[in-house]
Amino acid sequence: MTLNDKQSDVLIQEINSSVSNNLSFFHNLSFDTEHVVIDNEDHLNGSLSNPYASDQLNGQSSSNSYVSDQLNGQSSSNPTFLPPTNVAPDETIHRSLHTSSIISISQPKKVFPLNYVLPKFDKAFEKAAENPSTTDFGLRCRKKQQLIKTIRDDVVNSYGVDFYPTASEFDRMIVSVKNKYPALSKVFGEDMSLLTSALKQQFSRERQQYGCVSDVLLKKRQSYGHLLSGRKLKFTKVDLVSHREYLIEEKEQSEECLMQLAQQADSMRVLINTTNYDYSQVKAKMDITYPHRQRLVREMKPIKQIVTLYPALAVVDLIVREINVHCDPFDGDIVETLKSSFTKLLKYLDHPQKENITTEEQPFFILEHLIMKRFKHSKKLLLNHETLDAYPMINIQKIDGTTHYSIVIEYNQLITTNSQAEAMAILIGSYEVFNIEYPTKIRATLEVLNGLSFKKRSFFLAVAAKRFFNEYKLNIEPN
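Small disclaimer: the values here were computed from a predicted structure and weren't measured.

Caption draft 1: Highlighting the overall build of the protein chain. From N to C terminus, the protein chain includes 22 helices and four strands. Looking at the protein chain as a whole, 41% of its 479 residues are labelled buried. Contacts in the protein chain between residues at least 24 apart in sequence constitute 60% of all its contacts with a sequence separation of at least 6. Working note: accessible area of the protein chain is about 27,700 Å², and carbon and sulfur atoms make up 51% of it.

Next comes the structure, spelled out in structure tokens:
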């Protein structure tokens, strides 16, 4: 069969249309194929002027029809790789390979199940979990560690070493434990909060640093202002504390009087640095020189400078007396007031280890599990083994079996005591003695401690502190 000029033009248009609309053909074929198609097209154009090549043209058109069908089938099965028609073949190949690499990298990872299934435990653990005791599942006990490490190892083996669960995924693990071993709620609490905290600590402790971290870990770092996240830390250390606006009292001291008081402070400093000083003389001089200390506080002198001028402030009994005399605590004794308040609050606390807490351990226990937990404040900002900030905090050290509590302000140790109640009293009292402003990150906790300690204050309590006092039926004045 012989094609006329019109039929040849129609055939050429169909071939060009098929090739131009299916450039993904180049993704699977080599560049040699491109030359074959171009040569065939040139050969076809040459055949238009040669009437004796009609048979060859007919055979070539059948061949090209078959190739066109192949191209149409490939384009229908891979619609993702269709590029625009005005893109060069080399660029099309590059884009296709790049898209393919992105798809291979972003393959979906294994998703944590909605119903987490606990791994198998031995018969000894199963028996202990039926009737749990604090000797098996208490703090740093063997069965508790077995439960936590088994869950952690199972999750890591299933979802990768860089996997760190979200809060909801932690909840799924806890629900699974509670459903299988309901008796464990007697040890870990009705809400299993002790187990949740221990499990999070285990994951955090054994998390390793990798060159390519998971998306979850990156989001965690960004939300907490991690050093590697490229954002500034939300928690910024300061060298000096900030002070409240000083309230000028009615009786202002003259400069001449203040100079005399400064001389009194010098003589008291010499007196208190002796081995056996007269306690009554020091108390009398502290009362006389109080306006001078107020002047130093109003001028916002560093705490270290004030304590250097008045070393009596570094003696536990004397600084407690300073708080009792000038800060107006309930019943005139801040230590006894806090002990009484913590005893009342203990009965409201639902905690499995509440019965094992001694009177000496009540202050920190109430502070951590009732007050700071309510406001979601980290206990490390007030109770820690190392100093984190310039604001007052309690540094806990254990030496030769004895626990020491040191009040640290502006990175300088103020006093050291073995009583938790005294440490708490001096912590909250130091804010009043040195007129320090409450830091925003733990303001609600400090306002509750202030309300438990003092009759009046120079500021109004926030709504969070008022709700706390109303809930636990504590009659506290708002200002």
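Moving on, there is more to tell.
Caption draft 2: The arrangement of the packing of helix α18 (residues 334–346) against helix α20 (residues 420–433) in detail. One can describe the packing of α18 onto α20 by two numbers: an axis separation of 9 Å at closest approach and a directional angle of 110°. By the criterion of interaxial angle, the relationship of α18 to α20 is roughly perpendicular. As for how α18 packs across α20, the hand of that crossing is right-handed. Each of Ile-334, Val-335, Leu-338, Lys-339 and Phe-342 in α18 lies in contact with α20, whose residues at this interface are Ala-421, Glu-422, Met-424, Ala-425 and Ile-428. Grouping the amino acids of the contact of α18 with α20 by side-chain chemistry returns eight nonpolar, no polar and two charged.

Caption draft 3: Examining the pattern of salt bridges more closely. Enumeration according to the criterion identifies 11 salt bridges in this entry. Across the pair Lys-455 and Asp-328 runs a salt bridge whose closest N-O atoms are separated by 4.0 Å. A residue pair is termed long-range when its members are at least 10 positions apart, and Lys-455 in the loop between α21 (443–453) and α22 (463–471) and Asp-328 in the loop between α17 (316–326) and α18 qualify at 127 residues. Assessed through its relative accessible area of 37%, Lys-455 is described here as partly exposed. For Glu-447, the salt bridge is made with Arg-443, and the minimal N-O distance between the two is 2.9 Å. Taken together, the residues span about one helical turn, with Glu-447 and Arg-443 both in helix α21 at a distance of four residues. Judged by its relative accessible area of 0%, Glu-447 is buried. Among the charged side chains, a network of salt bridges with common partners joins Arg-295, Glu-299 and Lys-301.

Caption draft 4: Examining the sheet that holds strand β2 (residues 393–399) more closely. Taken in spatial order, the four strands make up an open sheet running β1-β2-β3-β4, and their pairing is mixed. Both edges of this open sheet fall to β1 (383–384) and β4 (412–417), since each of them pairs with a single strand only. As paired elements, β2 and strand β3 (residues 402–409) share seven bridges and run antiparallel to each other. Note on β3: the bridge partner recorded for Met-393 is Val-408. Contacting β2, β3 and β4, α20 runs over the sheet at an angle of about 5° to β3.

Caption draft 5: Fine view of the packing of aromatic side chains. Applying the stated rule across the entire model yields 19 aromatic pairs. Geometrically, the ring pair formed by Phe-112 and Phe-163 is stacked, given 6.0 Å between the ring centres and 10° between the ring planes. With Phe-112 in the loop between α5 (89–105) and α6 (123–130) and Phe-163 in the loop between α8 (142–159) and α9 (167–180), the pair connects residues that are 51 residues apart, well separated along the chain. Classification of Phe-163 by relative accessible area gives buried; the value is 15%.

Caption draft 6: Local environment of the pairing of β4. Where β3 lies against β4, five bridges are found, and the strand directions are antiparallel. Looking across to β4, one finds that Ile-409 is bridged to Asn-412. Here β3 folds back onto β4, and the loop between the two strands holds two residues, one of which, Glu-410, carries a positive phi near 50°.

Analysis parameters
Residues numbered from 1 in each chain as written. Predicted model: local features only at pLDDT ≥ 70, side-chain atom pairs only at ≥ 80, totals over all residues. Heavy atoms only, no water. Helix = DSSP H or I, 4+ residues; strand = E, 2+ residues; numbered from the N terminus. Buried < 20%, exposed > 50% of the residue type's maximum accessible area, 1.4 Å probe, protein only. Contact = heavy atoms within 4.5 Å. Areas by Shrake-Rupley, 256 points an atom, 1.4 Å probe, with all protein chains shown as cover. Axes fitted to C-alpha atoms, helices over the stretch in contact; angles between N-to-C directions. Parallel < 35°, antiparallel > 145°, perpendicular 65-115°, else oblique. Left-handed = near helix turned anticlockwise from the far one by under 90°. Nonpolar A, V, L, I, M, F, W, Y, C, P; charged D, E, K, R; others polar. Salt bridge = Lys/Arg side-chain N within 4 Å of Asp/Glu carboxyl O. Pairing = 2+ DSSP bridges. Phe/Tyr/Trp six-rings, centres within 6.5 Å; stacked < 30°, edge-to-face > 60°.

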